[in-house]
Amino acid sequence: MKALITGASGGIGGAIVERFLREGHAVIGMDRQAARLAHARYTHYQLDVRNGAALPEVEDVDILVNCAGTQNEDDIDINLKALIGVTEKYGVRPGIRAILHIGSASGHTGSEFPEYCASKGGVVAYTKNVAMRVAAFGATCNSLDPGGVLTPLNQRVIEDEELWAQIMEETPLKRWAEPEEIADWAYFLTVENRFCTGQSIVVDGGESILRRFVWKD
């Protein structure tokens, strides 16, 4: 199958790209950053997903994974509006098999920066809207909403011993996810799953049970 993955050079996006390649699929990646790998079955477009005019024509997309996102930087435009634009262009059309939006547990709890929470909460509602429309094609659409993940974006708190201790107190499983764990969920929801749709799956080590947010000023 052919998978199109935005945010392909990031921590979670990169892990999803590698998982799909490892399973033998063709992958098209999009990111503001250059490609982080070279592979015969990988094509990379360096672009800003907010710029709809820059999005290339890509035919026969089977799976769309929207992973492009930011935190405290034009959150509504990148995390929500661009996600909608990409989905409407590549995902809502005959031939699509599965769409997955990478959201956030904060879209359910509200426990983070205001615009970030709003953007991810919008993803939850939009997921349901898309799921209803692509069901006509026999396709699924879900969101995967992680809590803490060990990515470069989060290094500022991971490396702060005092804050990290506080964060672990807020996380029942006492650890954050590896990007590869999120990639496993992404692969399952798009390739193996054929019946779950319109759902927002929270994968956060139990942190949403406590609903308190710790960050560094």
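Here the structure is a predicted model, which is why all the values come from computation and not from measurement.

A.B. asks: I'd love a proper account of the overall build of the chain, names of residues and values included.
C.D. replies: Looking only at helices and strands, the chain has eight helices and seven strands in total. At 16 Å, the chain has a C-alpha radius of gyration in line with the 17 Å of a compact globule built from 217 residues. Its C-alpha atoms give the chain principal-axis dimensions of roughly 50 × 35 × 30 Å. A burial count over the chain gives 51% of its 217 residues as buried. Once local pairs closer than 6 in sequence are excluded, the contacts in the chain between residues at least 24 apart make up 69%. With the model as given, the accessible surface of the chain reaches about 9,900 Å², and the carbon-plus-sulfur share is 51%. One finds the centroid of the 21 positive side-chain charges in the chain at a distance of 5 Å from the centroid of its 30 negative side-chain charges.

A.B. asks: Outline the sheet that holds strand β3 (residues 42-46), listing residues and values.
C.D. replies: Here we have seven strands laid out as an open sheet, ordered β3-β2-β1-β4-β5-β6-β7, and parallel in their pairing. The sheet is open, and its two borders are formed by β3 and β7 (200-203), each paired with just one other strand. Going from strand to strand, the sheet's axes swing by 15° on average, the running direction of each strand aside. When strand β5 (residues 98-102) meets strand β6 (residues 140-146), the two strands line up parallel, connected through five bridges. What sits directly across from Ile99, in β6, is Cys141. This element, helix α1 (residues 11-22), spans β1 (2-6), β2 (26-31), β3, β4 (63-66) and β5 of the sheet and lies at about 170° to β1. Strands β1, β2, β4 and β5 of the sheet are contacted by helix α2 (residues 75-91), whose axis makes an angle of about 175° with β4.

A.B. asks: Account for empty space enclosed by the protein, with residues named and values stated.
C.D. replies: Picture a little ball the size of a water molecule; that probe, rolled over the atoms, points out where space is still empty. Taken as a whole, this structure holds one cavity of 30 Å³ or more when the rule is applied. The computed volume of the largest cavity comes to approximately 40 Å³. Around the largest cavity, the lining residues are Thr6, Val49, Asn66, Cys67, Ala68, Ile78, Ala82, Leu83 and Val86. Along the lines of polarity and charge, the residues of the lining of the largest cavity split into seven nonpolar, two polar and no charged.

A.B. asks: I'd like to hear about helix α7 (residues 179-192), residue by residue, with values.
C.D. replies: The terminal C-alpha atoms of α7 lie 19 Å apart, and with 14 residues this matches the ideal 20 Å at 1.5 Å per residue to within 8%. Buried within α7 are the following residues: Pro179, Ile182, Ala183, Ala186, Tyr187, Leu189, Thr190 and Val191. Among the structural elements, α1, β4, β5, β6 and β7 are those in contact with the buried residues of α7.

Thresholds, definitions, all that
- Residues numbered from 1 in each chain as written.
- Predicted model: local features only at pLDDT ≥ 70, side-chain atom pairs only at ≥ 80, totals over all residues.
- Heavy atoms only, no water.
- Helix = DSSP H or I, 4+ residues; strand = E, 2+ residues; numbered from the N terminus.
- Rg over C-alpha atoms; globule rule 2.2 N^0.38 Å.
- Buried < 20%, exposed > 50% of the residue type's maximum accessible area, 1.4 Å probe, protein only.
- Contact = heavy atoms within 4.5 Å.
- Areas by Shrake-Rupley, 256 points an atom, 1.4 Å probe, with all protein chains shown as cover.
- Lys, Arg positive; Asp, Glu negative; His and termini not counted.
- Charge placed at Lys NZ, Arg CZ, Asp CG, Glu CD.
- Pairing = 2+ DSSP bridges.
- Axes fitted to C-alpha atoms, helices over the stretch in contact; angles between N-to-C directions.
- 1 Å grid on protein atoms, 1.4 Å probe; cavity = no way out; pocket = protein on both sides within 12 Å on 5 of 7 lines; lining within 4 Å.
- Points joined across faces, edges and corners; volume = space filled by probe spheres on them.
- Nonpolar A, V, L, I, M, F, W, Y, C, P; charged D, E, K, R; others polar.
- Expected span 1.5 Å × (residues − 1).

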